[in-house]
Amino acid sequence: MATLEGFPASFYGEPGVLGMLANGISAFLVLLQNFNTARTGVSAEGVENILAGVHLILIGGVCQLIAGLLSFRKYDHLSGTAFIGYAALWGSYGATRIFLGASQPITTNLTLSHDLMSNMTPPTALTTELWNSTSQSPDWLSLLPIPQSAIAGLVPYILLSFLLAFCSATVNVIMPFVFGAITLTLLFEAVAVGVSSAWPLVVSGILELLILLFAVYGSAALLVKGLAQRYVLKGFGTPLFNVLLLGTNSPAASAQSLGQEKKKNTKYAEPQALFFFCDTVSPFILLFYSFGYVTSFSLGAVWVSIISAAQLLSSYYAYLRQDGYLATKAGLHATYWLTKAWEEFVLSAMIVSEPEGDVATGRQAMVGDWFFVVVALLLLVVSLSNDTLEVTHNALFLLLSVSTVPQIPLQGYYVFFGVSCSLFASASLYGTFCRLINTIAEKSLIPVGPQPISADRLRSILSCCCFPGKLQGALPSSASSPTNQIPDALFYLTNGVAALSALHAASSSQSVSFLRLSVPWVLVSGAVVQGFVSRLQVRGGQRFGSVIPSFYLSVWATWTWYRFTGPLLQISPVGSYGFTAGAIAFLVINAFLMLIAAYGNLVLLSLTVVMEAVLVCFLLSTLQQLPYQLEIAMLAVFSVICLYGTLASLVNCTFRQSVMPMGPPLVKDVNQQQKSSPALPCPVADSRLTSGLLQISRLLDDGGVCGIPTDTVYALAASCKNPQAIENIYNIKDRPAEKPICICISSVEQLVAAKPPFSSLLWEFMRNVYPGGISCIVSKGDWLLRLGVGPAYDRVGTNDSIMIRVPDHTVTGHLCDITGPLAITSANPSGEPDSTHHDMVIR
């Protein structure tokens, strides 16, 4: 079998079974509560709501998240986006139920406990206080605007669920009914929250029953299909309408005019739709808060955090698809939403408990948002080679980041922020629809606009800015390849935000408001998201790749604990000595990281050197001997280095070459020097020699995969005697299992000997066109065993049919005479240009 890393998607089950069942069971749980409330007139309270919330998180959230992850692995754009999106919905709705249950008094069981306590011991002030505290909810929970927060969260999901129902109609028949019923259910759930009446609960319960029925049938259909390897129950395999009816492929949006050509056919689905999905939910929730509909952002922060975690998943899958631009953009937006959500949570609590003047003073001292503004501007510049939708979306994100600059007075801040959220959410909603339909059709059916600047022109401009007077081909290359720099952009970004957010800690150390507001800015970017960056580095397999982000995660988490929460907790001088020991350990570890960075590039080395100075400042602060001006200067330099590292890494991985320099390594790796002139990575045989053909045939018989010439382009070939070799072709190409592999034979006579049940008309057609570039799709049967396909019968073609080629090429024909039928496919990574020269195959 293939290695676990390279499993083709065909070896995964049907995740749609798990996804639809999770939706159905979650709807059934809500149905029971709705019908019970409508019948008795008594709403669920306390533990009942908490247990329902936990079940919704586990079933609708976790189980459906697993289904979404597997769907992305199966190259299923729609199911991957829908299941992860609905996982965020059910997880958020479950959290709302938990909040609701925790905010309600618990009386039934605790009354008995109080009676027992009274009988066992004389009542005291302590037991009375304990009873009063356990029979009532905490004050802050009871004051939360939970219904308003729930409505603010449900509204964007209603719109997005409607889009998913519409888009799913272009794929199959069952999912539109499931997603459509979810849409109506969410609508009436929102009405039930805002209206004190039983009829919305009854209607919602009926719709949830429909969700359960549709989900059970759809799951059964997919389960039977997975067992029988064909569609038995109706509902899948045929759409309600053809996606091509939505439009025609615009020449302006062809692959060459998209500026940055992305791989569209890999073993992972396209995460752009999921990214825009998440970018629709977060601004919608903040929109309701900005315009005053929601007065506290406690529950809203939970909703935004859950959908931001889904957005990090879109960044992860963009990384797996080697799409550095989207991976960085999704990570940037997730960091922004997480930071803003928890900042607003802290701010909403402070406005109630602290004087407005102190809050305004603390906000105005913060400068971390300016890093988002600059990075958003850089992202806008880099995206000029993309379509108009992408450029517009980045321009609106720049407007959004400017609207949250803390130097704006509170009186106009929320109006500006609310309007920006409205515009950004509208663009994201349209982007979700466009990307989902276009990825399903694999064509640009929904207009996204032309590119403002060609990719070559933008690359030349950036190159000239960095190297005036030098040719593009003369640019120095960094030590690491541009592909390996994909996580680096996020690494520099998160550290830059954390450093700039901590910049004025010295001058504002006496401001309690500043200390509280700075906690989410440093902790989210420097610790939480950087943990995600560390995971990307581990996934990339780079040597020591995850060590630096993991270490800096610990640094910023400790920094937040001591510098921001420490004064609030009033840590004693004796308690500071523990942080002193930790700071010394940080200094020693970072010294070793400087040695590692010396093997990388100058930017990374400079970052670690400046971090050493920052850690010296941290050590001095634990000893109460900190020169604050030195710390401010070092953090500012650190932020500038991070800003350049973000830009250079983003540009290089976007254009897949070293456009902006990262600097050569200070220490050359001896192993890399020895590999500067590597030998050919595979045996190369001369196809003009008989000995060369015999060598290739032996390799094929031994289970190898070979690049061979054909009458069209070069192809990867595997012997049908070795099914394992055919699996390796899928792994080598990153080819989706939904795209079958055809077989190649030497002549029509080889096919005649197998005696397939073809019509006389088909035989005549084959004799007229073969050998040649025509491929014939015919039904499978026992004749394939006689042809020699036997062991690979289930690995080539589909379940019912197979494509046959007879290339008009002497080498290929002689090779098939020696080995028998070959399974072939074009020699290129899926979605990339075909190989027209043997050097391209070797590379």
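Above this note sits the structure.
As the structure is a prediction and not an experimental result, all values here were calculated from the model. (Residues numbered from 1 in each chain as written. Predicted model: local features only at pLDDT ≥ 70, side-chain atom pairs only at ≥ 80, totals over all residues. Heavy atoms only, no water.)

(A) Spatial organisation of the overall build of the protein. Each helix and strand in the protein was counted, giving 31 helices and 6 strands. Residue burial in the protein is summarised as follows: out of 843 residues, 54% are buried. Long-range contacts, defined as pairs at least 24 residues apart, comprise 77% of the intrachain contacts of the protein with a sequence gap of at least 6. Surface exposure of the protein reaches about 34,800 Å², of which carbon and sulfur atoms provide 65%. (Helix = DSSP H or I, 4+ residues; strand = E, 2+ residues; numbered from the N terminus. Buried < 20%, exposed > 50% of the residue type's maximum accessible area, 1.4 Å probe, protein only. Contact = heavy atoms within 4.5 Å. Areas by Shrake-Rupley, 256 points an atom, 1.4 Å probe, with all protein chains shown as cover.)

(B) Examining the side chain of Thr96 more closely. Position of Thr96 relative to the elements: it lies in helix α3 (residues 77-102). Among all residues touching Thr96, those that are not within four sequence positions of it are Ile146, Ala150, Leu299 and Trp303.

(C) Expanded view of the packing of helix α18 (residues 486-501) against helix α23 (residues 628-655). Close contact between α18 and α23 brings their axes to 8 Å; oriented N to C, the two are set at 155°. The angle between α18 and α23 places the two elements in the roughly antiparallel class. Like other packed secondary-structure pairs, α18 and α23 cross with a definite hand, here left-handed. Here Ile486, Asp488, Ala489, Tyr492, Leu493, Asn495, Gly496, Ala499 and Leu500 of α18 come into contact with α23, specifically with Leu635, Phe638, Ser639, Cys642, Gly645, Thr646, Ser649, Leu650 and Cys653. Partitioning the contact of α18 with α23 into residue classes produces 11 nonpolar, 6 polar and 1 charged. (Axes fitted to C-alpha atoms, helices over the stretch in contact; angles between N-to-C directions. Parallel < 35°, antiparallel > 145°, perpendicular 65-115°, else oblique. Left-handed = near helix turned anticlockwise from the far one by under 90°. Nonpolar A, V, L, I, M, F, W, Y, C, P; charged D, E, K, R; others polar.)

(D) View of a nonpolar patch on the surface. Together, Phe291, Leu399, Val402, Val415, Phe416, Val419 and Leu423 line one region of the surface with nonpolar side chains, adding up to about 540 Å² of accessible area. Mapped by element, the contributors of at least two residues to the nonpolar patch are α15 (388-403) and α16 (410-441). Mapped onto the secondary structure, Phe291 falls in the loop between α10 (272-290) and α11 (298-320). Residue class for Phe291 comes out partly exposed when judged on its relative accessible area of 48%. (Patch = residues over 30% accessible without salt bridge, like charges linked within 9 Å, V, L, I, M, F, W, Y side chains within 5 Å. Salt bridge = Lys/Arg side-chain N within 4 Å of Asp/Glu carboxyl O.)

(E) Quick look at the sheet that holds strand β4 (residues 775-779). As summarised here, the arrangement of the 6 strands in space is β1-β2-β6-β3-β5-β4, forming an open sheet in which the pairing is mixed. Bordering the open sheet on either side are β1 (706-708) and β4, each of which pairs with just one other strand. Within this sheet the neighbouring strands show an average axis-to-axis angle of 40°, counted without direction. Two strands pair when backbone bridges link them, and β1 and strand β2 (residues 715-719) are joined in this way by 3 bridges, in the antiparallel orientation. From the neighbouring strand, Ile708 faces β2, where its bridge partner is Ala715. Relative to strand β6 (residues 822-826), helix α30 (residues 810-819) is tilted by about 145°, and along the sheet it contacts β1, β3 (742-744) and β6. (Pairing = 2+ DSSP bridges.)

(F) Up close: the pairing of strand β5 (residues 801-805). Relative to β5, β3 runs parallel, the two being bridged by 2 bridges. Along β5, the bridge assignment pairs Ile743 with Ile804.

(G) Examining the pattern of salt bridges more closely. Under the defined criterion, the tally for this structure stands at 10 salt bridges. The shortest N-O distance in the salt bridge between Asp456 and Arg459 comes to 2.3 Å. Separated by 3 residues within a single helix, Asp456 and Arg459 lie in helix α17 (residues 455-466), roughly one turn from each other. Residues Asp701 and Lys721 are paired through a salt bridge, measuring 3.7 Å at the closest nitrogen-oxygen approach. Pair noted here: Asp701 is in helix α25 (residues 690-701) and Lys721 is in the loop between β2 and α26 (723-733), with a separation of 20 residues, a long-range link. Under the relative-accessibility criterion, Lys721 is labelled partly exposed at 45%.

(H) Focus on the pairing of β2. With 5 of 5 residues buried, β2 lies mostly within the body of the structure. Here β2 shows no split at all, with Ala715, Ala717 and Ser719 on one side and Leu716 and Ala718 on the other all buried. In sequence, β1 turns back onto β2 through a hairpin of 6 residues. Pairing of β2 with β6 involves 5 bridges; the strand directions are antiparallel. Note on β6: the bridge partner recorded for Ala715 is Ser826.

(I) Just the packing of aromatic side chains, in detail. Enumeration according to the criterion identifies 34 aromatic pairs in this entry. Their ring planes at 15° and their centres at 4.7 Å tell us that Phe72 and Tyr317 sit as a pair that is stacked. Here Tyr317 lies in helix α11 and Phe72 lies in helix α2 (residues 47-73), a separation of 245 residues in the sequence. Judged by relative accessible area, which is 0%, Phe72 ranks as buried. Since its relative accessible area comes to 7%, Tyr317 is described here as buried. For the pair Trp559 and Phe618, a centre-to-centre distance of 5.6 Å together with 25° between the ring planes defines the contact as stacked. Placement of the pair is Trp559 in helix α20 (residues 547-569) and Phe618 in helix α22 (residues 602-622), with a sequence separation of 59 residues. Side by side, Trp559 and Phe618 carry an identical accessibility label, which is buried. Site record: aromatic cluster; members linked through ring pairs are Tyr336, Trp337, Phe372, Phe397, Phe424 and Trp521. If you follow Lys340 out to its NZ or CZ, it ends over the ring of Phe417, 5.9 Å from the centre. The ring of Tyr793 has Lys780 lying over it, and the distance from NZ or CZ to the ring centre is 4.7 Å. (Phe/Tyr/Trp six-rings, centres within 6.5 Å; stacked < 30°, edge-to-face > 60°. Lys NZ or Arg CZ within 6 Å of the ring centre and 35° of its normal.)

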